[in-house]
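Here's the letter readout for the chains.
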Amino acid sequence: MNTMWKKCICAAAVMTLMGSAAALENTVKPQVTEPIAKAPKVALLIGNSYSFYNCGVHGYLRGFMKESNPKLGMKTRMITISSGPLSFHDMKFYLSPHEQDPYAHVENGRLTKPMFDVVIMQGHSEAATSDKRLPYFRKYAVQDAKLVREAGSTPLLVMTWPRQNKPADIKKIADRTIEIGNEAGVRVVPVGLAFAEALKEKPDLVMYQPDKSHPSAAGSYLYGAVLYSVLFHKSPEAINYLGECEKPLPPETAQFLRRIAWKTVTEFYGWKLP
C-alpha cells in the first residue's frame, strides 16, 4: 500500500471517529420534531426542584425572552413540588379555571379559550433510570399529555440530566424519555443531551450543585436556553443575557452554553437552518 493511500485511509478513520464523537447520545429518534406552529403566549411548567433551583428556570427563560430581538412577552406559570414525580401533579386541576386566575377567561362558568398555549412537564430525576419509577413516568406522561391536548394546549416533555457521578446514564435517560414522548405524541425537550454536550467540550464546567444532582447556575441557564430554543424556534446565541437570581455567569460561559443549547436542539430535531 503506497504512502498516499495510507494517508487517505488514516484521514477517513479520523473523520469517522470525529463524526461519532460529535453525535448526540440518543439512539431512539424523536417522532415529533417540527417547530411549534405559533410562538406561545402563555406557558405552564410543572416539575420539581430541578426546575425551581436558582430562583427557577422560568426566570432564565424570561431573561432570554426579555433580551430577545424582538422582545418576547410569553407569560409563564411554574408549579413545582419538591422531589415530585408527574403523578404528584393534578394536571386536570391545573388546567381548570379558578377564582382570580388571570389566565382564565370564563363565561357562564366555562373557559372561552385554553388557559395555556404550552404545558411543559418535567418529571422525577430518576423517572427514566429507575425500573420501579419508569412505568409511572410512562403512565402519567401519556395521561397528562392527553389531558393537555383535551384542554386545547400543546404538551412538551422535559428530558432531564444524569447525576454528575453517573454520566453514562444519559443514554438511558435520553432513549427512555424519547420512547415515552413518542408514545405520548409530544415534543421532548432535550435538556439532558445539552448537559452532556456541554460537558463533552468543557468537562471542568460546573453544571451541578455539590449534591451532584441539582443544577448549578450554569445548569439552569442551559435549561432555560434549551426551552427558549424549542418554544420559539430561535437561536439564543446572540442574546446578551448572563443569568438570574444574582448569579450572573461569565460572558464567555454564557455564550458557550447558548451555542450548546441551539446546537443540541437543532441536531436533535433535525431542523434545517437557512
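Residues numbered from 1 in each chain as written. Predicted model: local features only at pLDDT ≥ 70, side-chain atom pairs only at ≥ 80, totals over all residues. Heavy atoms only, no water.

Things to note about the overall build of the protein chain
So, step 1. When helices and strands are tallied, the protein chain shows nine helices and seven strands.
So, step 2. In terms of overall size, the protein chain behaves like a compact globule, its C-alpha atoms giving a radius of gyration of 20 Å where 274 residues would be expected to give roughly 19 Å.
So, step 3. Once the C-alpha set of the protein chain is aligned to its principal axes, its extents read approximately 85 × 40 × 40 Å.
So, step 4. Taken over 274 residues, the protein chain has a buried fraction of 50%.
So, step 5. Contacts in the protein chain between residues far apart in sequence, at least 24 positions, make up 76% of those at least 6 positions apart. (Helix = DSSP H or I, 4+ residues; strand = E, 2+ residues; numbered from the N terminus. Rg over C-alpha atoms; globule rule 2.2 N^0.38 Å. Buried < 20%, exposed > 50% of the residue type's maximum accessible area, 1.4 Å probe, protein only. Contact = heavy atoms within 4.5 Å.)

Describing the state of the cysteines
So, step 1. Considering all chains together, one arrives at one disulfide under this definition.
So, step 2. Bridging Cys 55 to Cys 245, the disulfide has an S-S length of 1.9 Å. Of this pair, Cys 55 sits in the loop between helix H2 (49-52) and helix H3 (57-67) while Cys 245 sits in the loop between helix H8 (217-232) and helix H9 (251-269), and the two are 190 residues apart along the sequence. (Disulfide = S-S within 2.5 Å.)

Describing the sheet that holds strand E2 (residues 75-80)
So, step 1. Strands sit in the order E2-E1-E5-E6-E7 across an open sheet of five strands; the sheet is parallel. In this open sheet, the two edge strands, each paired with only one partner strand, are E2 and strand E7 (187-189). Ignoring which end each strand starts from, the neighbouring axes of this sheet average 25 degrees apart.
So, step 2. Relative to E7, strand E6 (residues 154-158) runs parallel, the two sharing three bridges. Bridge assignment links Leu 157 to a residue of E7, and that residue is Val 188.
So, step 3. Of the strands in this sheet, strand E5 (118-121) and E6 touch helix H5 (residues 134-150), which is tilted by about 155 degrees from E6.
So, step 4. Against the sheet, helix H6 (residues 169-184) touches E6 and E7, its axis set at about 165 degrees to E6. (Pairing = 2+ DSSP bridges. Axes fitted to C-alpha atoms, helices over the stretch in contact; angles between N-to-C directions.)

Regarding H6
So, step 1. With 16 residues, H6 ought to run about 22 Å at 1.5 Å a step, and its terminal C-alpha atoms sit 22 Å apart, in line with that.
So, step 2. For H6, every residue scored as buried is listed here: Ile 170, Ile 173, Ala 174, Asp 175, Arg 176, Thr 177, Ile 178, Ile 180, Gly 181, Asn 182 and Ala 184.
So, step 3. Contacts made by the buried residues of H6 are with H5, E6, E7, helix H7 (191-201) and H9. (Expected span 1.5 Å × (residues − 1).)

Structural notes on the environment of Lys 247
So, step 1. Looking at where Lys 247 falls in the secondary structure, it is placed in the loop between H8 and H9.
So, step 2. Looking at Lys 247, the relative accessible area reads 33%, which means it is partly exposed.
So, step 3. Each C-alpha atom of the pair Lys 247 and Lys 202 lies 20 Å from the other, and the pair is 45 residues apart in sequence.
So, step 4. Residues within four places of Lys 247 in sequence aside, it is in contact with Asn 54, Ala 217 and Leu 242.
So, step 5. Among the polar contacts made by the side chain of Lys 247, one reaches the side chain of Asn 54 at a distance of 2.8 Å. (Polar contact = N/O pair within 3.5 Å; in protein donor to acceptor, adjacent residues only side chain to side chain.)

Some details on the packing of H5 against H6
So, step 1. Between H5 and H6, whose axes approach to 9 Å, the crossing angle comes to 35 degrees. Between H5 and H6 lies a crossing whose hand is right-handed. Taken together, the residues of H6 that come into contact with H5 (itself represented by Leu 134, Phe 137, Arg 138, Ala 141, Val 142, Ala 145 and Arg 149) are Arg 176, Thr 177, Glu 179, Ile 180, Glu 183 and Ala 184.
So, step 2. Its residues placed into classes, the contact of H5 with H6 shows seven nonpolar, one polar and five charged. (Left-handed = near helix turned anticlockwise from the far one by under 90°. Nonpolar A, V, L, I, M, F, W, Y, C, P; charged D, E, K, R; others polar.)

Observations regarding the side chain of Asp 144
So, step 1. Checked against the element boundaries, Asp 144 lands in helix H5.
So, step 2. Notably, Asp 144 is buried but unbridged: the nearest opposite-charge side chain belongs to Lys 139, and the N-O separation is 10.0 Å.
So, step 3. Contact partners of Asp 144, with chain neighbours within four places excluded, come to Leu 86, Met 91 and Met 121. (Lys, Arg positive; Asp, Glu negative; His and termini not counted. Salt bridge = Lys/Arg side-chain N within 4 Å of Asp/Glu carboxyl O.)

Comments concerning H3
So, step 1. In terms of burial, H3 is a largely internal element, eight of the 11 residues being buried.
So, step 2. Along H3, the residues classified as buried are Val 57, His 58, Gly 59, Tyr 60, Leu 61, Gly 63, Phe 64 and Met 65.

Regarding the confidence of the model for the protein chain
Regions with low pLDDT carry predicted coordinates that are not meant to be interpreted in detail.
So, step 1. Per-residue pLDDT for the protein chain has a mean of 92; in total, 92% of the residues score no lower than 70.
So, step 2. Here residues 1-21 is modelled with pLDDT under 50, and outside its nearest four sequence neighbours on either side it reaches three contacts, counting other chains as well. (pLDDT = per-residue confidence, 0-100.)

Things to note about the pattern of salt bridges
So, step 1. One pass over the full model with this rule turns up 13 salt bridges.
So, step 2. For the salt bridge of Arg 138 with Glu 183, the shortest nitrogen-to-oxygen distance reads 3.0 Å. Within this pair, whereas Arg 138 is found in helix H5, its partner Glu 183 is found in helix H6, the two being separated by 45 residues in sequence.
So, step 3. The partly exposed category is assigned to Arg 138, whose relative accessible area is 27%.
So, step 4. Looking at Glu 183, the relative accessible area reads 48%, which means it is partly exposed.

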